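Inside the fold
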Amino acid sequence: QVQLDESGGGLVQAGGSLKLSCAASGGFFSSARGWFRQTPGKAREFVAAISWRSDSTVEADSVKGRFTVARNNALDTIYLNMASQKPEDTGVYYCASRSRGSDYPTTNQDDYVYWGQGTQVTVSS
């Protein structure tokens, strides 16, 4: 059973930085992984995604230039480096993985089959 565990959430002031981590366990496979978030009153939305075998990444326009996604293949972990944070970045951040063999980082959450429990990020103004 594949399990994704997010960590690193917390409270940060506007303009500050946080780094989220997502470690996988229960089976290794090289597939694309992504970050999504659910902000208050809104549906869950795409944030960023990364290929496991290539340098291909994709970010949402709302975070481009502020957030970067990275990975450590040896640790089977991906990261979301968040800088210049805004109050509208507040929400629950989820890590997700595509199925085995699917390594293209897409923005559609329906393409992701494994999900973590989420970690809360709160940005104060």
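Quick look at the packing of aromatic side chains now. Two aromatic rings are characterised by how far apart their centres lie and by the angle between their planes. What the rule picks out here adds up to 3 aromatic pairs. Here the aromatic rings of phenylalanine 36 and tyrosine 112 are separated by 5.2 Å at their centres, their planes lie at 75°, and the arrangement is edge-to-face. One end of the pair, phenylalanine 36, is in strand β4 (residues 33-38); the other, tyrosine 112, is in the loop between β9 (91-97) and β10 (114-115), with 76 residues separating them in the sequence. Note on phenylalanine 36: relative accessible area 0%, which makes it buried. By relative accessible area, tyrosine 112 is classed as buried at 4%. Residues phenylalanine 36 and tryptophan 115 carry aromatic rings whose centres are separated by 5.0 Å and whose planes lie at 50° to one another, so their mutual orientation is tilted. Pair noted here: phenylalanine 36 is in strand β4 and tryptophan 115 is in strand β10, with a separation of 79 residues, a long-range link. The partly exposed category is assigned to tryptophan 115, whose relative accessible area is 25%.

Reading across from one edge, β1-β3-β8-β7 is the order of the 4 strands in this open sheet, with antiparallel pairing throughout. Strands with a single pairing partner mark the edges of an open sheet, and in this sheet they are β1 (3-7) and β7 (67-72). The sheet shows a mean angle of 20° between the axes of neighbouring strands, taken without regard to direction. As paired elements, β7 and strand β8 (residues 77-82) share 6 bridges and run antiparallel to each other. Its bridge partner being in β8, asparagine 72 is matched across the sheet by threonine 77.

Let us look at the nonpolar core. In terms of nonpolar packing, the biggest core is built from 27 residues, with Trp35, Val47, Leu80, Met82 and Tyr93 touching the most fellow members. Put simply, the parts of the chain that give this core at least two residues each are β3 (18-25), β4, β5 (45-50), β7, β8, β9 and β11 (119-124). Top contributing element to this core by residue count: β5, with 5 residues. Setting aside anything within four residues of it in sequence, one finds leucine 80 in contact with Leu18, Lys19, Leu20, Trp35, Val47, Ala48, Phe67, Thr68 and Tyr93.

Next up on the list: unusual backbone geometry. For aspartate 76, which is not glycine, the phi torsion reads 55° and is therefore positive. Inspection of the secondary structure puts aspartate 76 in the loop between β7 and β8. Not every positive phi belongs to a glycine, and serine 84 is a case in point at roughly 45°. Topologically, serine 84 is positioned in the loop between β8 and β9.

Along the chain, the position of glutamine 109 falls in the loop between β9 and β10. Measuring from C-alpha to C-alpha, the distance between glutamine 109 and glycine 34 comes to 8.7 Å, with 75 residues separating the pair along the chain. Within polar-contact distance, the side chain of glutamine 109 engages the side chain of arginine 44 at 2.9 Å.

Looking now at the environment of isoleucine 78. With respect to the helices, strands and loops of the structure, isoleucine 78 is situated in strand β8. The residues touching isoleucine 78, leaving out its near neighbours within four places in the chain, are Leu20, Ser21, Cys22, Arg33, Gly34, Trp35, Ile50, Trp52, Ala70, Arg71 and Cys95.

Rules and cut-offs
Residues numbered from 1 in each chain as written. Predicted model: local features only at pLDDT ≥ 70, side-chain atom pairs only at ≥ 80, totals over all residues. Heavy atoms only, no water. Phe/Tyr/Trp six-rings, centres within 6.5 Å; stacked < 30°, edge-to-face > 60°. Helix = DSSP H or I, 4+ residues; strand = E, 2+ residues; numbered from the N terminus. Buried < 20%, exposed > 50% of the residue type's maximum accessible area, 1.4 Å probe, protein only. Pairing = 2+ DSSP bridges. Axes fitted to C-alpha atoms, helices over the stretch in contact; angles between N-to-C directions. Core = buried A, V, L, I, M, F, W, Y, C linked by side-chain atoms within 4.5 Å. Contact = heavy atoms within 4.5 Å. Polar contact = N/O pair within 3.5 Å; in protein donor to acceptor, adjacent residues only side chain to side chain.

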